[in-house]
Amino acid sequence: VYDSDMKLYCLSAKDGKTIWSVDVLKAHDGTNIKWKNASAPLIEGNLAIVYGGGKGQSFLAFDRDSGKLAWKSGDETATHATPIAATIHGVRQVIFFCTSGLVAVNPKTGKEIWRQKFPFKVSTAAAPVVAGDLVYCSAGYGVGSGLYRISKDGSKMKSTEVWRKSNEMFNHWSTPIHHDGHLYGMFSFKKYGEGPLQCIELESGEVKWSKDGYGPGNVILSGNKLIALSDVGEVAVVKANPAKYEELGRKKVISGKCWSTPVLSNGMVLARSTQEAVCLKVK
């Protein structure tokens, strides 16, 4: 767990007791960001990886069992976006979405592999999405979205822009899902309760369909079905079909603001808001 004060904890799954912890602000000269940290730790192999440290230690990797520092690197400023792990052209890497843009590093050493400039304004919160050799990213506050192709020449990798949509196609904090060459997610900025769930063809950036009435909630994928939690507490099941919007069911299930991601486990969906939580059986 990586909390809002940039304290990283390893907890026992049996009783919740703390096994180890690291205060990144104190131990690694970190500086918290506006609205404080919202990124999650990334578990990659035997490492727990976060960002938020100071000069020379923006990126931090800790042994997941002991909490001992494995490596540190980077001179970047963190955002609210969670880092992700991916394999591109056979190269395993961790991609951080920093204020400077995308930065990919070797997960075993922290050494930089490639980077891509991308604008920052106020806050970046949605994580990047990887599909093969393509990396998609987006932010609100007038920034918009972009798609980048990662190429490899010998041991070197670089990023090249495929398309860029300035001040449109926003993922405020809702990371979209990639499925069969398309992105499915909630694309809007501050259209609370109104913003659309959309299907977008990844390589072209073309909107295939759009359905209003979701706001900046979140989407997950189960098979070929989307489970969408709107920001006003409605859960919808929608087919992941680029040909048309096809809603299989929708119901108001929870009160309060829902800015979190639903969880699917053993045929049940867990959703939470600022006021309560609910567990649903999905048929």
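Residues numbered from 1 in each chain as written. Predicted model: local features only at pLDDT ≥ 70, side-chain atom pairs only at ≥ 80, totals over all residues. Heavy atoms only, no water.

Here the focus is the overall build of the protein. Within the protein one finds 1 helix and 25 strands. Projecting the C-alpha coordinates of the protein onto the three principal axes gives extents of approximately 50 × 50 × 35 Å. Taking all 283 residues of the protein together, the buried fraction comes to 49%. Taking contacts inside the protein between residues at least 6 apart in sequence as the whole, the part at least 24 apart equals 43%. (Helix = DSSP H or I, 4+ residues; strand = E, 2+ residues; numbered from the N terminus. Buried < 20%, exposed > 50% of the residue type's maximum accessible area, 1.4 Å probe, protein only. Contact = heavy atoms within 4.5 Å.)

What follows concerns the sheet that holds strand β7 (residues 84-88). The sheet built from 4 strands is open, its strands ordered β7-β8-β9-β10 with antiparallel pairing. The outermost strands of the open sheet, each flanked by one partner alone, are β7 and β10 (112-117). Along the sheet, successive strands turn relative to each other by an average axial angle of 25°, direction set aside. (Pairing = 2+ DSSP bridges. Axes fitted to C-alpha atoms, helices over the stretch in contact; angles between N-to-C directions.)

Right, let's get into the environment of His179. Residue position: His179 is located in strand β15 (residues 177-179). His179 sits 61 residues away from Ala240 along the chain, and the two C-alpha atoms are 7.6 Å apart. His179 has contacts with Tyr184, Leu221, Gly223, Asn224 and Ala240, leaving out every residue within four places of it along the chain. Separated by 3.4 Å, the side chains of His179 and Asp180 make a polar contact. (Polar contact = N/O pair within 3.5 Å; in protein donor to acceptor, adjacent residues only side chain to side chain.)

A separate point is the pairing of strand β20 (residues 225-229). For β20, a buried count of 4 out of 5 residues is recorded, marking the element as mostly surrounded by other parts of the structure. Across 5 bridges, the pairing between strand β19 (residues 218-222) and β20 is antiparallel. For Asn218, the partnering residue across the bridge sits in β20 and is Leu229. Hairpin connection from β19 to β20: 2 residues lie between these consecutive antiparallel strands, with Gly223 at a positive phi of about 65°. Bridge count between β20 and strand β21 (residues 234-239): 5 bridges; the pairing is antiparallel. Of the residues in β21, the one forming a bridge with Ile227 is Val237. Hairpin geometry of β20 and β21 is characterised by an intervening segment of 4 residues between the two adjacent antiparallel strands and by a positive phi of about 95° at Gly233.

Here we take up the pattern of salt bridges. With the rule as written, the count across this model stands at 11 salt bridges. Its salt-bridge partner being Lys36, residue Asp5 comes within 2.8 Å of it at the nearest N-O pair. Taken as a pair, Asp5 in the segment before β1 (7-11) and Lys36 in the loop between α1 (24-27) and β3 (42-44) lie far apart in primary sequence, 31 residues in all. For the salt bridge of Glu206 with Lys208, the shortest nitrogen-to-oxygen distance reads 3.9 Å. Here Glu206 falls in the partly exposed class, since its relative accessible area comes to 41%. Sharing partners across several salt bridges, the network here consists of Glu76, Glu112 and Arg115. (Salt bridge = Lys/Arg side-chain N within 4 Å of Asp/Glu carboxyl O.)

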